Each structure stands twice: as C-alpha cells, then as structure tokens.
Amino acid sequence: MSIAQYIKVIGRGKDGAKPITREQACDLFGQVLDGTVTDLEVGAFCLAMRIKGEEPHEMAGFLDATHARLNLIPAGSKPLVVLPSYNGARRLPVLTPLLAALVARRGWPVLIHGTSTETSRVFVENVLSALGTRAQTAIKPVANGEVAYVPTELLSPGLKRLLDVRRAVGLRNSSHSLVKLMNPCAGAAVIVSSYTHPEYAISMAAVFELMGSTALLLRGTEGEVVADARRLPQMDGFIAGKRITLQEGQKGTLTDLPDLPTEIDPETTAAYIQEVLAGTKPVPASMALQVEHILHLAQAS
C-alpha cells in the first residue's frame, strides 16, 4: 500500500496544500501506524502536515485510526482521568505526578501515559521513579485511587515509532498533538490536555467537540498538562463534546507565589511533591483549582 495519493494533496506547501476528509485521514494515519509504508513516505507525511497544519476533522480521522489500534485500558467503575505527559521540564519542575496524586487521593483512577521525546529534559518517568512508581509492563485496569504510568509503546508501538521520528528530523509531527487528545481507555475518561500557543486552544477545542470528548483544556506548564503554579490560566471543560468555561483566566503573575524548588532534577522534584502531599507545603492555588475542575468533569461523565 502507499500513501502517495494523500501526500500529493497535503504536500503542496502552505498555500497549495488541501485538506483531506476525515475518512481519508483515518486511512492515511492507519497505514502509518501499521508500518505498511516506507520510511521516506513517513518522513514526507510528517513534514507535509507540519507545513500545512492539521484541520480539526483531519485530526479526528487520525484519532479514529489510533483508537482502533490502541491496546485500550480496561474500563473501571469510575471514569479514568487521563494525563498525557510528553514535554518534560526545561526550567520548571515536572509536577504532573503531583496533579495525578491529588486527583487519585480523592478516589479516582488516574492514568499517566507518555514517553521521552528529547534527551535534554527531565520527563515524568524520571520523577515517578524517584517517587517509587514504576512504569507498567502490561495493560491492565487502573484501580480507584491509583496512579498508573503506562509508556506509549504499551498502548501503541506504531505511535511510539512515529513520536520517535522527531529524533531523526528534529521537528514535531502530528503524533505529538494527537497524544494530548486521545482517549486510551475502553470506557469513560476525562482527558486533561494543554497547549502552549493560543492557536492550539482553538484547534484542540474543535477536535474535542468533534470527538464528543469529556476533557479539560488549559495552557499548561512547558507543555505539561499541569496548571502553571505562577499563574491562573483559563480552563475550558468539555462534557461529551459540549464546551463550558470552568475557570476564567487571570492575566499576569499571581501575587502569592508558591515556594517551588529552584532545581528541576527528579530527586528534588519528588521531594517537593512528597512535602505537598504530606501537608508541609501548600498545594499551588492554580493546581488546587485544576483538581476541582477535573473532579467536576469526572462526576459529570
């Protein structure tokens, strides 16, 4: 099989490229995930979409193909709270494990899925390891009150291969956006997602609406899904695809700043998380609000 017919449409540059249908996008991405196309075709697809940009219905088609091939997390008695973690830390500590623990101790199952995509950052797996939480080696249900970390390759080896293309070409591709939008669960889930640039807030919201997702969308911390502890970002919710504003954002830096660690290494970050969970340091205000909004969406699922 070949995806050349699609590349001819999407690969004509920023002004000449045209969108493909949701069904065509599903077929295209499915072939890429299945590994039935050449490395040259995969590279052409990644660069073409990077230049053109994904239309919401094209991303929905990519998600359709992905969901059909995922090793899905079995459904439990409560909706699964899903925290994708693919960006890691450059300047601020990775607090995704803290967000996960705060939600889990309220009795909800929490899944963190991710993989390292660069060599120069601290990733969630490093912090979880310092906290004593190991990556799962098999797909299994997530218990209420449990935090589970599942590497991307367990969910989809094809998706992991596509994410790793970044190491070869030095650029992100459609899979890096897709992993923040997908539901890896066989049942109900709350997808917590984030963006770094304002235009992605619009496109990601449109995808959640198309997919009928239950999700929380906000501007995160260095690409992670955690509310920036120094600010109060706008938080938008989606219940079965219907959009609601959960939190109005506040411009600028908060006046009462949390005592965040100055180092971002896994051990220092883990020690800070343990202090917050033990109550010796406060939960950052924006994160405390984020937890409540996640629980609201979970209860509405």
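Located above this text is the structure these notes cover.
Residues numbered from 1 in each chain as written. Predicted model: local features only at pLDDT ≥ 70, side-chain atom pairs only at ≥ 80, totals over all residues. Heavy atoms only, no water.

## A few points about helix α12 (residues 266-278)
Here is step 1: In this model α12 runs 18 Å from its N-terminal to its C-terminal C-alpha over 13 residues, within 8% of the 18 Å that 1.5 Å per residue would give.
Here is step 2: Listed in full, the buried residues belonging to α12 are P266, T269, A270, Y272, I273 and V276. Taken down its axis, α12 places every buried residue within 160° of arc, on the same side. Opposite the buried face of α12, by more than 90 degrees, sit the exposed residues E267 and A278.
Here is step 3: Structurally, α12 contributes buried residues whose contacts are with α6 (96-104) and α7 (124-131). (Helix = DSSP H or I, 4+ residues; strand = E, 2+ residues; numbered from the N terminus. Expected span 1.5 Å × (residues − 1). Buried < 20%, exposed > 50% of the residue type's maximum accessible area, 1.4 Å probe, protein only. Arc of directions from axis to C-beta. Contact = heavy atoms within 4.5 Å.)

## What about the pattern of salt bridges?
It is possible for side chains bearing opposite charge to pair when their charged atoms get close.
Here is step 1: With the rule as written, the count across this model stands at 12 salt bridges.
Here is step 2: Measuring nitrogen to oxygen at the nearest pair gives 3.8 Å for the salt bridge that ties E222 to R91. Linking E222 in the loop between β5 (215-221) and β6 (224-227) with R91 in the loop between β1 (80-85) and α6, this pair joins segments that are 131 residues apart in sequence.
Here is step 3: Looking at R91, the relative accessible area reads 57%, which means it is exposed.
Here is step 4: The closest approach of N and O atoms between E292 and R106, which form a salt bridge, is 2.8 Å. Residue E292 is located in helix α13 (residues 285-300), and its partner R106 is located in the loop between α6 and β2 (110-114); the two are separated by 186 residues in the primary sequence.
Here is step 5: Three or more residues joined by partner-sharing salt bridges are found here, namely K160, D164 and R167. (Salt bridge = Lys/Arg side-chain N within 4 Å of Asp/Glu carboxyl O.)

## Focus: the pairing of β1
Here is step 1: Along β1, six of the six residues are buried, which leaves the element largely enclosed by surrounding structure.
Here is step 2: Pairing of β1 with strand β4 (residues 189-195) involves three bridges; the strand directions are parallel. Its bridge partner being in β4, L80 is matched across the sheet by A189.
Here is step 3: As judged from the five bridges shared by β1 and β2, these two strands associate in the parallel manner. For S85, the partnering residue across the bridge sits in β2 and is G114.
Here is step 4: Chirality of the crossover, the property in question, places the unit of β1, α6 and β2 among those that are right-handed. (Pairing = 2+ DSSP bridges. Right-handed = clockwise from strand over helix to strand, strands pointing away.)

## Let's talk about the side chain of Q136
Here is step 1: Along the chain, the position of Q136 falls in the loop between α7 and β3 (147-151).
Here is step 2: Classification of Q136 by relative accessible area gives buried; the value is 10%.
Here is step 3: Residues in contact with Q136, not counting those within four places in the same chain, are E146, A148, Y149, V150, P151 and L154.

## Details of the nonpolar core
Here is step 1: If you look at the biggest cluster of nonpolar residues, it comprises 50 residues, and the most contacted ones within it are L28, F45, F62 and M182.
Here is step 2: Non-local contacts of F62, meaning those with residues more than four positions away in its chain, are made with A25, L28, F29, F45, M49, E54, S174 and L178.
Here is step 3: Formed by 41 residues, the second largest nonpolar core is a distinct cluster that contains L83, L98, W108 and V190. (Core = buried A, V, L, I, M, F, W, Y, C linked by side-chain atoms within 4.5 Å.)

## Points about a nonpolar patch on the surface
Here is step 1: Together, L47, V169 and L171 make up a nonpolar patch on the protein surface, roughly 220 Å² of accessible area in all.
Here is step 2: The residue V169 is located in helix α9 (residues 157-169) in this model.
Here is step 3: What makes V169 partly exposed here is its relative accessible area of 42%. (Patch = residues over 30% accessible without salt bridge, like charges linked within 9 Å, V, L, I, M, F, W, Y side chains within 5 Å. Areas by Shrake-Rupley, 256 points an atom, 1.4 Å probe, with all protein chains shown as cover.)

## With respect to the packing of helix α3 (residues 22-34) against α9
Here is step 1: One can describe the packing of α3 onto α9 by two numbers: an axis separation of 8 Å at closest approach and a directional angle of 90°. By the angle between their directions, the pair α3 and α9 is classed as roughly perpendicular. Counting all contacts with α3, which are made through F29, V32, L33 and D34, the residues of α9 involved are G158, L159, R161 and L162.
Here is step 2: Of the residues that constitute the contact of α3 with α9, the class distribution is five nonpolar, one polar and two charged. (Axes fitted to C-alpha atoms, helices over the stretch in contact; angles between N-to-C directions. Parallel < 35°, antiparallel > 145°, perpendicular 65-115°, else oblique. Nonpolar A, V, L, I, M, F, W, Y, C, P; charged D, E, K, R; others polar.)

Take it as geometry only, folks, not as evidence of what the structure does.
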